[in-house]
Amino acid sequence: MKALCLLWFMKTKASLRNLFKKPSSAIFTIFVVLLYGFIFYAFFFLPKDNTLMLVNFELHSSILIFIGFLALMLFSTMLSSKKALFSGEDAYFLFSGPFHKKQIMTFLSFQTFLQSILLAFFALIFFIGMNMQIKVDLGFILLALLGSVITIMTFLVFIDYSYVLSIGDQKYKKMNYVIAGIFVLILAVILILTYLQTGRIQTIMIDFIESPLFYYVPVFGWLKLTLISYVESKMILTVLGLLLLMICLIVIYLLFISYKGDFYEQALEDSLELSKRLKEFKAGNQDALRNVKVKKINVKRFYDGAFAVLSKNLLIMKKKGSLVSWNDLLSIGIYLIITIFSNMGFGFFIYMMVIWLFMMMQTSDLTAELKNYQIYLIPDQPYKKLIAVMIPTFMKVSVIGVLSFIIVGVYYHESILNILMYLLNMFGYIFVFMSASVLTIRILKSRSTRVFENMMRMLIMLVSALPSVLLTVILVMTNSLTPTTLTIISIASLAMNFILSFIILWACQGMMNGRELKSD
Amino acid sequence: MIEIHHLTKRYGSFKAVDDIELVAQSGKITILLGPNGAGKSTTIKSIANLLKFEGNIQICGYDNGSIEAKRCFGYVPETPVLYDLLTVDEHIDFIGHAYQVENYKEKAQKYLELFHLTEKRKKMAKELSKGMTQKLSMLLAFMIEPKALLVDEPMVGLDPASIEETLKILRNIADEGCAVLISTHIIDIVSDIFDEAYIMKEGHIIQRIQKNELQEESLKDFFFELTEGK
């Protein structure tokens, strides 16, 4: 066991060393740590309106969003078709080295525990960042941390357990889907019961959020029970929630470590395969972690020169069925249902759509495309190549965005002019997000990462907003803030989005020649 | 023709390539030899315009970053970079249109047969073996009928019969007037077909030699004498 502890220590040390190896990476790491520190500081020490912890709709919905975030992380891991117990390197040394099964299982549990703490911290930062105005004490935050560590660990151990079971017997492969299905069913039953209790369909989401029926949802309901009971000072129920979570974790953990089957061979193979795919994913291959069903598509025609890249990309998107995918339609369907049933209005839907756009840009294949040398060798103008590479992503988000805006706009009886204005705003955001990706790749070259890309997007959005902020300040100072001037401010901001994006894209076109893009 | 004049590439204060001069003549096979870390890959990437460098590189008389140079330049990288979901035929369509090659299907057909890829033309790149992907990568570079061809470690992943076929194809391409520049560290494989060799060590070209200047000595022995057995 000493050797495995040493292995973990050296790996952690190496990861930290790697973070501080390059000045850019070191600055970024320190920035993130300071940012996290500031978020915690701001949450606890900046002045707030009320001084007492209160159980109200705001708290209920915040906790439910926090739980939803955890559930999304855990179920996407659970339902992923690519699973492994260890990284490829760990699996190779653990399974081929002089280690007992008990030692391997202990090492795995230790890793799962650390992973749970990290994920719980991540979720907590999300919770705090989203709910700066909520008044809760340190005890609540520590309880949320403890509860989410247990919740995450329960799921991660269960995922490992179902994985080793499926190695021994193929029939267990469906178990994760069955479990996810049971959760969906329980939620559906609770929604129906909530409706039967209140008789209101329009506010069903609001009633659901506050309903005590949610406490009957295994694990997630118990976590909510723990947190709400703590704020209500009902300590017996708080302890009950925690106890239920602990018992669930202990039962699953005991089942897992008492598993007698032989899983080494397949586990090693899967670990190596997953590590390989993770490396491909980090290199920009968005499909590396999923099994893509390839459709048989006949090529109708290829454009010439740089636009052959466009034909090629459209062909690949058609083959993957990713031009308009079921996942995208499902996401927008969910936004639509939430907007309508929580009575949030058109503005809320637009806000959700901007988030969707943000997410969509992260899954664009732009980065991977720019890593293929063939793009640079094509004998054509660089700006044409850049346009050809960007068009498919633009088409995809525009088609879905336009359709959804029209549907929701019509539902809320918005005027055509209003819908058009919102659409124009959406195109502004699309251009900002796309140009930010291009600029990040141009500046950071092959060192570009998603985190940097997202930071760049936010920065460009801030810069785009500067003229309208300046205009607002001047108008406020001169007492000339009217509905008409507010419209001018909004148009100025939109125009800046377009202008900045075009300047960025024009300035970055040279990177399609290759030599500006490889990091030295 | 590929001409390199005063090529220097710095990584911080370290010079990976230091003021090198190299000419790959049309109609000849020129090889670039050197031990690990000699600067071969840096030179190759600079020629392909994938790195910033100091100096001047011309392909067919044009600056290597220009569209004219790209039009007459074929590149086979050490590791094939292909699109997993595209079939062999679709890769051919893509490159044929991107380079606007006339009658590209006929030109590709010739290499499909030479590389025994005809039966695989409906297969996706991800379904091909390592050797097949290497052959497809070569086919895509050859079908544009380049005037200058850059090949980086061409024989990695190929079986002995395919190596022989590839060497013959490279010889034919050179005989048709193309300047072929091959970077490799497997001397035995190229010792029969090369016309001229440049030997690199620690970022410098330490020797340039024509095949007929070697006389009785083998290229391998000559190389080891210069690089002190490295």
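Residues numbered from 1 in each chain as written. Chains lettered and ligands numbered in written order. Predicted model: local features only at pLDDT ≥ 70, side-chain atom pairs only at ≥ 80, totals over all residues.

1. Notes on the overall build of chain B
Right, so step 1: Along the backbone of chain B there are eight helices and ten strands.
Right, so step 2: For 230 residues, the compact-globule estimate of 2.2 N^0.38 gives 17 Å, and chain B sits close to it at 17 Å.
Right, so step 3: Referenced to the eigenvectors of the C-alpha coordinate spread, the extents of chain B come out at roughly 50 × 40 × 30 Å.
Right, so step 4: Split into buried and exposed, the 230 residues of chain B put 47% on the buried side. (Helix = DSSP H or I, 4+ residues; strand = E, 2+ residues; numbered from the N terminus. Rg over C-alpha atoms; globule rule 2.2 N^0.38 Å. Buried ≥ 20, exposed ≤ 12 C-beta atoms within 10 Å, placed from the backbone.)

2. Thoughts on the overall build of chain A
Right, so step 1: Of regular secondary structure, chain A possesses 20 helices and zero strands.
Right, so step 2: Out of the 520 residues in chain A, the part that is buried amounts to 31%.
Right, so step 3: A fraction of 74% describes how many contacts in chain A between residues 6 or more apart in sequence connect residues 24 or more apart. (Contact = placed C-beta atoms within 7 Å.)

3. Some words on the sheet that holds strand 7 (residues 148-152) of chain B
Residue and element names in this part refer to chain B.
Right, so step 1: Strand order across the open sheet formed by six strands is 6-7-8-3-9-10, with mixed pairing between neighbours. Looking at which strands have only one partner, the edges of the open sheet turn out to be strand 6 (73-76) and strand 10 (204-210). The sheet shows a mean angle of 15° between the axes of neighbouring strands, direction not considered.
Right, so step 2: Note that strand 3 (residues 29-33) and strand 8 (residues 179-183) share four bridges and pair parallel. Paired with Ile29 across the bridge in strand 8 is Val180.
Right, so step 3: Strands in contact with helix 5 (residues 130-142) are strand 6 and strand 7; relative to strand 6, the strand with the most contacts, it is inclined by about 175°. (Pairing = 2+ DSSP bridges. Axes fitted to C-alpha atoms, helices over the stretch in contact; angles between N-to-C directions.)

4. Concerning the domain arrangement of chain A
How large an interface is tends to be reported as the accessible area lost when its parts come together.
Right, so step 1: Looking at the assigned domains, one finds that chain A contains domain 1 (53-271) and domain 2 (306-513).
Right, so step 2: If you average the C-alpha positions of domain 1 of chain A and of domain 2 of chain A, the two centres end up 34 Å apart. (Domains from an automatic or database assignment.)

5. Considering the pairing of strand 1 (residues 2-11) of chain B
Residue and element names in this part refer to chain B.
Right, so step 1: As judged from the seven bridges shared by strand 1 and strand 2 (residues 14-24), these two strands associate in the antiparallel manner. Of the residues in strand 2, the one forming a bridge with Ile4 is Leu22.
Right, so step 2: Counting the residues that bridge the hairpin from strand 1 to strand 2 gives two residues, and of these Gly12 lies at a positive phi of roughly 70°.
Right, so step 3: Pairing between strand 1 and strand 4 (residues 54-59): five bridges, direction antiparallel. Paired with His5 across the two strands is Asn56, which belongs to strand 4.

6. Details of the interface of chain A and chain B
Right, so step 1: Facing 26 residues of chain A, the contacting portion of chain B comprises 25 residues.
Right, so step 2: Elements represented by at least two residues in the side of chain A that touches chain B include exactly helix 12 (307-320) and helix 16 (373-377) of chain A.
Right, so step 3: Counted by class, the side of chain A that touches chain B contains 13 nonpolar, five polar and eight charged residues. (Nonpolar A, V, L, I, M, F, W, Y, C, P; charged D, E, K, R; others polar.)

7. Some remarks on the pairing of strand 4 of chain B
Residue and element names in this part refer to chain B.
Right, so step 1: Sheet topology places strand 4 next to strand 5 (residues 62-63); two bridges connect them, and they run antiparallel. Residue Ile59 lies in a different strand from strand 5, and its bridge partner there is Tyr62.
Right, so step 2: Here strand 4 folds back onto strand 5, and the loop between the two strands holds two residues, one of which, Cys60, carries a positive phi near 55°.

8. A word on the nonpolar core
A general feature of soluble globular proteins is that nonpolar side chains tend to end up buried together.
Right, so step 1: Core analysis: the largest hydrophobic core is formed by 117 residues, its most contacted members being Val309 of chain A together with Leu139 and Val180 of chain B.
Right, so step 2: The element contributing the most residues to this core is helix 18 (residues 416-444) of chain A, with twelve residues.
Right, so step 3: In this structure Val180 of chain B touches Ile29, Thr30, Leu149, Val151, Leu170, Ile173 and Ala174 of chain B, once residues within four positions along its chain are discounted.
Right, so step 4: Counting residues in hydrophobic clusters, the runner-up holds 55 residues, among them Phe107, Leu156, Tyr163 and Tyr230 of chain A. (Core = buried A, V, L, I, M, F, W, Y, C linked by C-beta atoms within 7 Å.)

9. Brief notes about the sheet that holds strand 1 of chain B
Residues and elements named next belong to chain B.
Right, so step 1: Taking strand neighbours across the sheet as the criterion, the four strands line up as 2-1-4-5 in an open arrangement whose pairing is antiparallel. Each edge of the open sheet carries a strand with a single partner, namely strand 2 and strand 5.
Right, so step 2: In this fold helix 1 (residues 40-47) packs onto strand 1, strand 2 and strand 4, with an angle of close to 120° to the strand it touches most, strand 1.

10. Points about unusual backbone geometry
Residue and element names in this part refer to chain B.
Right, so step 1: Positioned with a positive phi, His6 is a non-glycine residue whose angle comes to about 50°.
Right, so step 2: Among the structural elements, His6 can be located in strand 1.
Right, so step 3: Residue His6 is classed as partly exposed on the basis of its 13 C-beta neighbours within 10 Å.
Right, so step 4: Residues other than glycine seldom take positive phi values, yet Asn103 does so here, at roughly 45°.
Right, so step 5: Relative to the assigned elements, Asn103 resides in the loop between helix 3 (88-98) and helix 4 (104-114).
Right, so step 6: Judged by local crowding, Asn103 falls into the exposed class, with 9 C-beta atoms found within 10 Å.

11. Concerning the packing of helix 12 of chain A against helix 17 (residues 382-411) of chain A
All names here are of chain A.
Right, so step 1: Running from N to C, helix 12 and helix 17 cross one another at 15°; their axes reach a closest spacing of 8 Å. Taken together, the axes of helix 12 and helix 17 are roughly parallel relative to one another. Helix 12 and helix 17 meet at a crossing whose hand is right-handed. For the pair formed by helix 12 and helix 17, the contact residues are Phe307, Val309, Leu310, Asn313, Leu314 and Met317 on the first element and Lys384, Lys385, Ala388, Val389, Ile391 and Pro392 on the second. (Parallel < 35°, antiparallel > 145°, perpendicular 65-115°, else oblique. Left-handed = near helix turned anticlockwise from the far one by under 90°.)

12. Examining helix 12 of chain A
Right, so step 1: When the terminal C-alpha atoms of helix 12 of chain A are compared, their 20 Å separation across 14 residues agrees well with the 20 Å that a helix rising 1.5 Å per residue should span.
Right, so step 2: Taking burial as the measure, the 14 residues of helix 12 of chain A include ten buried ones, the bulk of the element.
Right, so step 3: Those residues of helix 12 of chain A lying buried are Ala308, Val309, Leu310, Ser311, Lys312, Asn313, Leu315, Ile316, Met317 and Lys319 of chain A.
Right, so step 4: In this structure, the buried side of helix 12 of chain A is in contact with helix 16 and helix 17 of chain A together with helix 3 of chain B.
Right, so step 5: Directly after helix 12 of chain A, the chain includes Gly321 of chain A, whose backbone phi takes a positive value near 70°. (Expected span 1.5 Å × (residues − 1).)

13. Considerations on the packing of helix 5 (residues 101-130) of chain A against helix 6 (residues 138-168) of chain A
All names here are of chain A.
Right, so step 1: Packing of helix 5 against helix 6 brings their axes to within 8 Å, and their N-to-C directions diverge by 135°. In terms of axis orientation, helix 5 runs oblique to helix 6. The two elements helix 5 and helix 6 meet at a crossing, and its hand is right-handed. Side by side, helix 5 and helix 6 meet where Leu108, Thr112, Phe113, Gln115, Ser116, Ile117, Leu119, Ala120, Ala123, Leu124 and Phe127 of the first sit next to Ile141, Ala144, Leu145, Ser148, Val149, Ile152, Met153, Leu156, Val157 and Asp160 of the second.
Right, so step 2: Across the contact of helix 5 with helix 6, the residue classes tally to 16 nonpolar, four polar and one charged.

14. With respect to the environment of Ile182 of chain B
All names here are of chain B.
Right, so step 1: Examined against the element boundaries, Ile182 turns out to sit in strand 8.
Right, so step 2: By the C-beta count within 10 Å, which is 27 here, Ile182 ends up buried.
Right, so step 3: Measuring from C-alpha to C-alpha, the distance between Ile182 and Leu150 comes to 6.0 Å, with 32 residues separating the pair along the chain.
Right, so step 4: Apart from the residues lying within four places of it in its own chain, the contact partners of Ile182 are Ile29, Ile31, Leu32, Val151, Pro154 and Val190.

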